[in-house]
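Structural overview for review
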Amino acid sequence: MNLQSSDFELFGLPQRFAQDAAAIAARWKDLQREAHPDKFAGEGAAAQRAALQWSVRINEAYQRLRDPLKRAAYLCELRGARIDSENNTAMPSEFLVEQMEWREALDEASGEEDLDGISQRVAGRRREMLARIGQLLDLEGDAPAAAQEVRALMFIERFAQDVESRLAQLGQ
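Values in this document were obtained by computation on a predicted structure and should not be read as measured data.

Analysis parameters
Residues numbered from 1 in each chain as written. Predicted model: local features only at pLDDT ≥ 70, side-chain atom pairs only at ≥ 80, totals over all residues. Heavy atoms only, no water. Helix = DSSP H or I, 4+ residues; strand = E, 2+ residues; numbered from the N terminus. Rg over C-alpha atoms; globule rule 2.2 N^0.38 Å. Buried < 20%, exposed > 50% of the residue type's maximum accessible area, 1.4 Å probe, protein only. Contact = heavy atoms within 4.5 Å. Core = buried A, V, L, I, M, F, W, Y, C linked by side-chain atoms within 4.5 Å. Phe/Tyr/Trp six-rings, centres within 6.5 Å; stacked < 30°, edge-to-face > 60°. Lys NZ or Arg CZ within 6 Å of the ring centre and 35° of its normal. Axes fitted to C-alpha atoms, helices over the stretch in contact; angles between N-to-C directions. Parallel < 35°, antiparallel > 145°, perpendicular 65-115°, else oblique. Nonpolar A, V, L, I, M, F, W, Y, C, P; charged D, E, K, R; others polar.

As a further point, take the overall build of the protein. Across its full length, the protein carries 7 helices and 0 strands. Along the protein, helices (α) and strands (β) appear in the sequence α-α-α-α-α-α-α when read from the amino end. At 20 Å, the protein has a C-alpha radius of gyration far larger than the 16 Å of a compact globule built from 172 residues. Counting only C-alpha atoms, the protein reaches 60 × 45 × 30 Å along its principal axes.

Put into structure tokens, the structure is as follows:
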């Protein structure tokens, strides 16, 4: 294993979207224990630097693997389907209409109850999209279609953050 190994190889996981979060966390702890720079304190500066590099690499992989959206984007990239969300913002018209309706609802929301309702709708849509991404990646092997869903889910995640910000403002 080397620093260029995929996150899945590094963690000893199958290269698929569906993963056990507890297994990812347990493997992360094991890897961190193995690579902790303090473990190499008596072996000199070079060994400690290498251990630090490994520790950083392990943490980066963990951040990608534990987050379903990041994991999906990473898998798409590994399978040759670039996400390129900065340049590829084309979305189906139904999706754009849904986003506009959600924005209007957020603008018109007058209290916590309204915002909670929006938040629940967004969470439900997020679950649907993650299931669809899992199907596209793990069952159909359609990384380009999964990449399109990942880009759409990025929009939804940003909207969910806006809803959370509004809820936080109410709590102040």
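Moving on, we get to helix α4 (residues 68-78). Taken together, the buried positions of α4 are Leu69, Arg71, Ala72, Ala73, Tyr74, Leu75 and Cys76. Check the buried side of α4 and you find it contacts α1 (7-11), α2 (21-35), α3 (45-66), α6 (112-139) and α7 (143-171).

Attention now goes to the nonpolar core. In this structure, Phe11, Cys76, Leu137 and Val150 are the most contacted members of the largest nonpolar core, which totals 44 residues. Elements with a minimum of two residues in this core: α1, α2, α3, α4, α5 (93-108), α6 and α7. In terms of residue count, the dominant contributor to this core is α7 (11 residues). Apart from residues no more than four positions distant in its own chain, Leu137 is found in contact with Phe17, Ala72, Leu75, Cys76, Arg79, Ala143 and Ala146.

Our next topic: the packing of aromatic side chains. Inspection of every chain in the model, using the stated rule, returns 4 aromatic pairs. Ring plane angle 25 degrees and centroid distance 5.9 Å describe the contact between Phe8 and Tyr74, whose orientation is recorded as stacked. Note that Phe8 is positioned in helix α1 and Tyr74 in helix α4, a separation of 66 residues in sequence. There is no split in this pair, since Phe8 and Tyr74 are both buried. The lysine or arginine in question, Arg71, covers the ring of Phe17, its NZ or CZ lying 5.0 Å from the ring centre. The ring of Phe155 carries the charged tip of Arg158 above its face, separated from the ring centre by 5.1 Å.

Interaxial distance between α2 and α3 falls to 9 Å at its minimum, and their mutual angle equals 175 degrees. One element, α2, and the other, α3, form an angle in the roughly antiparallel class. Packed against α2, whose contacting residues are Ile24, Ala25, Trp28, Leu31, Gln32 and Ala35, the element α3 presents Ala51, Trp54, Ser55, Ile58, Asn59, Tyr62, Leu65 and Arg66 at the interface. Counted by class, the contact of α2 with α3 contains 10 nonpolar, 3 polar and 1 charged residues.

The next subject is the environment of Leu52. With respect to the helices and strands, Leu52 occurs in helix α3. Relative accessible area serves as the criterion here: at 46%, Leu52 is assigned to the partly exposed category. Along the primary structure Leu52 and Phe40 are separated by 12 residues, whereas in three dimensions their C-alpha atoms are 9.7 Å apart.

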